[in-house]
Amino acid sequence: MNIIICIKQVPDTETKIQIKPDSSGIVTEGIKYVVNPYDEYAVEEGVKIKEKFGGEVTVISLGPERAKEAIRTCLAVGADKGIHLNDPAFEGSDSYATAKILAKAISQIPFDIVLTGKQGVDFDNSQVFAYLSRFLDIPFVSVVVGLELSSDLKSATAKREGEGGDKEIIQVQLPAIIAAQKDLNQPRYASLPGIMKAKKKEIKNLSLSDLGLSPDEVGLKGSRVKIENYSQPPERKAGRIIEGEEPAEVCEKLVKLLREEAKII
Amino acid sequence: MSIWVIAEQKDGKLKKVSLELLSLSKKLKEKTNQDIGCVLLGDNLESFTQTLGNYGADKLFLIEDQALQNYSNEVYSQAIADLVKEHSPKIILGGATAQGKDLLPLVAAKLDAGLAIDCLDIEIDENSKLICTRPMYAGKVKVKCTLESSIQIASLRPNVLEVLPPDTSKQAEVVKVKPRIDPNSLKVKLLEVKKEARGKIDLTEADVIVSGGRAMKSAENFKLLEDLAEALGQATTVGASRAAVDSGFAPHDIQVGQTGKVVNPNLYIACGISGAIQHLAGMITSKCIVAINKDPEAPIFQKADYGVVGDLYKILPILTDIVKKLKAQE
């Protein structure tokens, strides 16, 4: 199996995001970056598939120089090699342009399954897998919480999260894109030997010209969504603490407020 | 020129966000004088004609086929893309529901279009360019964006915009569409839907969410939250913090927060939830927040409209009783 995993390096979810004074973006100084949490499930699933069926796991990431760390993190938990799509021209790419670049890179190598997270917890776009499916002309299943490959490796059965907790069992022909949801598995921690080995694994750099794309197809120019400005939602102010001698008194007051002041129940 | 709304129904019931979308489209129509096309997919859809017309659809495309009875991103996206190519609407709006989040990205991909997902507001300028306001970083940031493609697609977060009153005299022109589906070419097949026993509304569409944190101590204790949710009415459900999910008290599909669901109910009751930044990101746009926590220093109180400092095991049963009595009087 040739297993491809698309990952993104994103700010840690603990990060308090600040906007630049001119509203053109977020302040990146001081941000701690991590592998996108949903991508960790994709990586774990890819490594599990390799352990069961054999093959090779390639991690691909688009991002600036710092994204190498994220790739290295994935190599430490069992991925075999990395591809870093690294070119200043890629900066500002939206989901559409990102998928175009990823598709170009992936189509240059053999692949049987592509795994990724169901969304990046930074831009929350949840679209790269869909555009990628069109550019590679393969199907996708999103929000996947369970995955079994058929023994002939021609198809997979995916369990995906429907609405209200319903689970859809879907059979999909391979190659396909699987977008992972939490619950798909339990990602392993990197072991010390794993970390040591990762240092020697290959991370290949690919630039715009390596991929044979034109500057107009990538970055802001190649994007379909244009962000005009960023803002911080207004801070929510603390309301009031409802005082009372007994729980019953407090509850009566709360219900009265919800009904008469908030007019909500 | 027209604005299209991709409406959504499930098991014979129309999603409320479909009406929110039609109401929004009426405002966009006023400004740009485009008519409103509405698309609904499934089987036996005629019963929806009246409602969708009354709420604003000028033209209603019913894409009906037995193969559309259950949702599949492959057939649904193809049916919509085919119809769009035939009629050339320049604006397509849908709901950011569980289905919409899977479907619209693929529709956008098939039409080579840009998509602004999970919008909190959608405006239009005189050149019929959409200006979409959407959250990023789980709502820690808001952006205004535009779409640089000849077809503009946006999905709207449920429960954010109001539903305008219907006009019962208004009828939609109904167009029945038979989709071209070649069963042999399909690469995706739905084998089965395992229904969740809770049978509850999805968190992203709920009006009221009663949520529990680590202090719930066990899965069994979530019954206290369910009881209160049930007492509060119809579109209510139960949520959980990441701590509660990771401790095994609740399934991940009800997790609220940055690595769970971002929710937007009228009322969010946080029980035994301290209020980590990732959790707050997922529920901060709730219209009213109530926090029940025994730690008066818990950060959740800084964001709550109403706070109750106390033992949730004492408070919840009493609160449920009072709400039940109140509702019984109505």
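Residues numbered from 1 in each chain as written. Chains lettered and ligands numbered in written order. Predicted model: local features only at pLDDT ≥ 70, side-chain atom pairs only at ≥ 80, totals over all residues.

## Quick word on the overall build of chain B
Of the regular secondary structure elements, chain B holds eight helices and 18 strands. Its C-alpha atoms give chain B a radius of gyration of 21 Å, near enough to 20 Å, the size a compact globule of 330 residues would have. Across its three principal directions, the C-alpha atoms of chain B cover 60 × 45 × 40 Å. Counting over 330 residues, chain B shows a buried share of 55%. (Helix = DSSP H or I, 4+ residues; strand = E, 2+ residues; numbered from the N terminus. Rg over C-alpha atoms; globule rule 2.2 N^0.38 Å. Buried ≥ 20, exposed ≤ 12 C-beta atoms within 10 Å, placed from the backbone.)

## Points about the domain arrangement of chain A
Here chain A is described as being made up of domain 1 (2–217) and domain 2 (234–265). Distance between the C-alpha centres of domain 1 of chain A and domain 2 of chain A: 45 Å. (Domains from an automatic or database assignment.)

## A look at the sheet that holds strand S4 (residues 35–42) of chain B
Remark on secondary structure: sheet strands pair via backbone hydrogen bonds, oriented parallel or antiparallel. Residue and element names in this part refer to chain B. Across the sheet, which stays open at both edges, the seven strands sit in the order S7-S11-S6-S1-S4-S5-S12 with parallel pairing between neighbours. Pairing within the sheet leaves two strands with one partner each, and these edge strands are strand S7 (114–119) and strand S12 (173–177). On average, each strand axis in the sheet is inclined to that of its neighbour by 20°, with strand direction left out of account. With three bridges connecting them, strand S1 (residues 2–6) and strand S6 (residues 91–95) associate as parallel partners. Bridge pairing in S6 places Ile3 opposite Ile91. Contacting S1, S4, S6 and strand S11 (152–156), helix H1 (residues 16–32) runs over the sheet at an angle of about 170° to S1. (Pairing = 2+ DSSP bridges. Axes fitted to C-alpha atoms, helices over the stretch in contact; angles between N-to-C directions. Contact = placed C-beta atoms within 7 Å.)

## Description of the domain arrangement of chain B
Residue and element names in this part refer to chain B. The domains assigned to chain B are domain 1 (2–185) and domain 2 (203–329). Taking the mean C-alpha position of each, domain 1 and domain 2 sit 32 Å from one another. At the interface, nine residues of domain 1 touch ten residues of domain 2. In the side of domain 1 that touches domain 2, the residues fall into three nonpolar, three polar and three charged. (Nonpolar A, V, L, I, M, F, W, Y, C, P; charged D, E, K, R; others polar.)

## Some thoughts on the sheet that holds strand S16 (residues 267–271) of chain B
Across the sheet, six strands lie side by side as S13(A)-S18(B)-S17(B)-S16(B)-S14(B)-S15(B); this open sheet has parallel pairing. The two strands at the open ends of the sheet, each matched to only one other strand, are strand S13 (240–241) of chain A together with strand S15 (236–240) of chain B. Two elements, strand S17 (residues 288–293) of chain B and strand S18 (residues 306–309) of chain B, share four bridges in a ladder whose sense is parallel. The partner of Val290(B) across the bridge, within S18(B), is Tyr306(B).

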